Amino acid sequence: MPPEQRKKKVAVIGAGAAGMSCAATLAKHPDKFDVIVFETAEHVGGQATSIDLDPSRYGASWLNDGVQGGSAIFRYTFNFFRQYRHEPQEVKLQVSFGKGKGGFWTNVFPSPLVDNHSAEIKKLGKVLKWIKYTLFVTGVMPVKVILRLFRFSFDFRNKMVLPLLALFLGTGNQTPNVPSALLERLFDDPNMRLWDYDPDTLLPNLPSMYTFPNLGNFYRDWTDDLCSKGVKIKIPCEVEIVERDVTHSDSKHFHNIFENRFREDLCAKATSKERKDQILFATSEPQRRKDGWIGFQPMYYTHSYATHPDKIEMGFDCTNYQYQFRENLEDGSSPPERDRHMFQTIFLNDVEKDLWTIDSIDEDKVICRKWWCQWGHRWQHYLRVVPGLMFINGKNHTLFGGSWTLVNMHEVACVSGIAAAYRLGATYEAFDEFAEEFFAKYLLLTHGVRYKPSGRE
Ligand SMILES: Cc1cc2nc3c(=O)[nH]c(=O)nc-3n(C[C@H](O)[C@H](O)[C@H](O)COP(=O)(O)OP(=O)(O)OC[C@H]3O[C@@H](n4cnc5c(N)ncnc54)[C@H](O)[C@@H]3O)c2cc1C
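Residues numbered from 1 in each chain as written. Predicted model: local features only at pLDDT ≥ 70, side-chain atom pairs only at ≥ 80, totals over all residues. Heavy atoms only, no water.

Burial along strand 2 (residues 33-38) is one-sided: the face carrying Phe33, Val35 and Val37 is buried and the face carrying Asp34, Ile36 and Phe38 is not. Direction of pairing for strand 1 (residues 8-13) relative to strand 2: parallel, over a ladder of six bridges. Note that in strand 2 the partner of Val10 across the bridge is Val35. Following the backbone out of strand 1, through helix 1 (residues 17-26) and into the adjacent parallel strand 2, one traces a crossover that is right-handed. Where strand 2 and strand 10 (residues 232-234) come together, three bridges link them in parallel fashion. In the sheet register, Ile36 faces strand 10, and the bridge partner there is Lys232. (Buried < 20%, exposed > 50% of the residue type's maximum accessible area, 1.4 Å probe, protein only. Helix = DSSP H or I, 4+ residues; strand = E, 2+ residues; numbered from the N terminus. Pairing = 2+ DSSP bridges. Right-handed = clockwise from strand over helix to strand, strands pointing away.)

Scanning the entire structure with this criterion turns up 26 salt bridges. When the shortest N-O distance is used, the salt bridge between Asp432 and Arg75 registers 2.8 Å. What makes Arg75 partly exposed here is its relative accessible area of 26%. For the salt bridge of Arg263 with Glu259, the shortest nitrogen-to-oxygen distance reads 3.3 Å. We classify Glu259 as buried; its relative accessible area is 1%. Taken together, the shared-partner salt bridges connect Glu184, Arg185, Asp189, Glu437 and Lys441 into one network. (Salt bridge = Lys/Arg side-chain N within 4 Å of Asp/Glu carboxyl O.)

Let us look at the packing of aromatic side chains. In this structure the tally under the stated criterion is 37 aromatic pairs. Ring geometry for Phe400 versus Trp404: centroids 6.2 Å apart, planes at 80°, classification edge-to-face. The exposure class of Phe400 is partly exposed, given its relative accessible area of 28%. One cation-aromatic arrangement involves Lys123 over Phe152; the distance from NZ or CZ to the ring centre is 4.7 Å. (Phe/Tyr/Trp six-rings, centres within 6.5 Å; stacked < 30°, edge-to-face > 60°. Lys NZ or Arg CZ within 6 Å of the ring centre and 35° of its normal.)

This next bit is on a positive patch on the surface. A contiguous patch of positive charge, built from Lys144, Arg148, Arg378 and Arg384, is present on the exposed surface. Within the secondary structure layout, Arg148 lies in helix 7 (residues 143-149). (Patch = residues over 30% accessible without salt bridge, like charges linked within 9 Å, V, L, I, M, F, W, Y side chains within 5 Å. Areas by Shrake-Rupley, 256 points an atom, 1.4 Å probe, with all protein chains shown as cover. Lys, Arg positive; Asp, Glu negative; His and termini not counted. Charge placed at Lys NZ, Arg CZ, Asp CG, Glu CD.)

Bringing helix 3 (residues 75-83) into the picture now. Every buried residue belonging to helix 3 is among Tyr76, Thr77, Phe78, Phe80 and Phe81, and all of these are buried. Contacts from the buried residues of helix 3 go to helix 1, strand 9 (208-211), helix 10 (215-228), helix 15 (410-424) and helix 16 (433-447). Among the residues trailing helix 3, Arg85 stands out with phi positive, at a value near 60°. (Contact = heavy atoms within 4.5 Å.)

Moving on: the side chain of Lys311. Summarising the element assignment, Lys311 is placed in the loop between strand 14 (300-304) and strand 15 (312-317). Using a relative accessible area of 16% as the deciding quantity, one classes Lys311 as buried. Leaving out residues up to four positions away in the same chain, Lys311 has contacts with Asn173, His303, Ser304, Tyr305, Glu352 and Leu355.

When its domains are assigned, the protein chain resolves into domain 1 (3-51 + 215-239 + 378-447) and domain 2 (95-205 + 243-372). Once you take the C-alpha centre of each, domain 1 and domain 2 turn out to be 31 Å apart. Residue-level contacts link 14 residues of domain 1 with 19 residues of domain 2. Carbon and sulfur atoms supply 68% of the area that domain 1 and domain 2 bury against each other, a total of about 1,500 Å² over both sides. Applying the counting rule to domain 1 against domain 2 returns one salt bridge. Across the salt bridge formed by Lys441 and Asp189, the nearest N and O atoms sit 3.6 Å from each other. Of all the elements in the fold, those that place two or more residues in the side of domain 1 that touches domain 2 are helix 14 (379-392) and helix 16. Per element, the largest residue contribution to the side of domain 1 that touches domain 2 is four residues, and it comes from helix 16. (Domains from an automatic or database assignment. Buried area = accessible area lost by both parts, 1.4 Å probe.)

Written as C-alpha cells, this is what we have:
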C-alpha cells in the first residue's frame, strides 16, 4: 500500500477531556487514523467524575464531585455534551467569601468590605488595563508582586482578589504566585473571561454560570460512541498530591467555617434602589427557581485561616449549585433542609495539613474523600513551560494536550485535544465563531501554528 494511503496509528495517553476530545476529532476520519486511548484509571473522564447518591436522603441520585461547571465561554465542552443530548443548566452564581465581620463579602447583597475597598476596586480596573498593554513584560510577574507594586492594601489583596482568583482558577494557595496575565485575562479576555469586571463591586451581582450534566453518564456515552467508530479505549492501562476534597453532609462543620446564612451585621446600607433590591432578594424566604434559588444560598465559598490570612480553604454547597437538586421541585419550593445538603470542602496543599479543618467533619457524614493532583499555574509555568510548548509540540511524533498547557479548565482541555488532532491532520469542524477564534489563539500559542479556516496549516 502506498504510504499516503496507510492509516496513521495514534496513541492517546489519558481519557480525560483532552484525550477524549482528541480521539473524538480523529475518529471523524476512520480512513486516516487508527486510534487507541490508554487510560490508567478505572474510569474515563479524568477529573470529570460523578458519584451516586441516595436520592431519598439528598434529593438527587448523583453528584459531579470533580468538575462542576463553567461559563458561557465553554463552547467546546457544551458542544460535546449536546452531541450526546446532555445539557448544561444555567444558574445564577452566588459566592460567599471569608467569615465574620471584617472578612466576609458576597456578590449577592452589598457588603461593608466591598464598600471599604471601592477605591481599590476601581484602581484594580486601571491596573488590569496597564497589565494588558504591557502584557509581555508584566504578564509573567506574580500577582502578589503586582498587587504590592501598586500598593493595594493587605485586606484587599488577601480578602478580595486572591480568594476570587483562587476559587475560579482552582489554584488554591498557589494563587499569589499566579502570573498577573491570568488575572488580566480572566477579567478581560473574551475567550477566558468567566464574568465581567465590575468597577463598583469587583464581582457582578448574580452573573450566569452553567452547571454540568451527569459527567459519569456523559463520558460513558462519549466512550460508547467512540468505540462504535473504531476507537480502542484501554482502561486501566498505565504507561505529588496537593489537594484533598471531602464530600459530606456535615452542615454544622460547613456553617462553622463558611458564611452561609444572611446576617444583618454583614450587610452594608441600602443606599440605592439597586442595593435595596439586592437585600430584598437576599433576605427573601428561599425559593426554587429554574436558575438557582431566590434568597442568599451561595454555591462557592472560601475562608482564610486566622493565623495565615493568605491561605484559604474552599467549599461548595453542591445542593445550591448543581441543577439536579432542583429539577424535581416546583418553582417556589423551599430548598432541602441544610443537613440534607451535599457539601464539598477542599483542603489545599498537604504540606499545610496542620491548618486544615478536616478533622472537624463528622465521620458519619462523609460521603467520599478524594485526592486530586491539581497544578497551580505558578508564574514559572508561564515563563518556562507554556512558551516552550510550541517548540516541542510535534517533535518525536508527540503532541501535548491537557488543561495544564494553559489554564486549569475543562474547556481548555477540550480545545487542546482538538488542536492535537488538527496537527495530526484531522479537519477542524467550525460550529461557532467564538470557539473558532479561541481555537486559533490556542493553536498559535501552544503549537506555533496559524489556523487557516479553509485549508490546512
Ligand atoms: C475538584 C476539581 C474541581 C474542578 N472544577 C472545575 C470546574 O468547575 N470547571 C472547570 O472548567 N474545571 C474544573 N476543574 C479542572 C478540570 O477538571 C480540568 O482542567 C480538566 O478536567 C482536565 O482535563 P485533562 O484532560 O487535561 O486532564 P485529566 O482530567 O486529569 O485527564 C488526564 C487523564 O490521563 C490519565 N493518565 C495520566 N497519566 C497517564 C498515563 N501515564 N497513562 C495512561 N493514562 C494516564 C489520568 O488518569 C486522567 O484520566 C476542576 C478540577 C478538580 C480537581
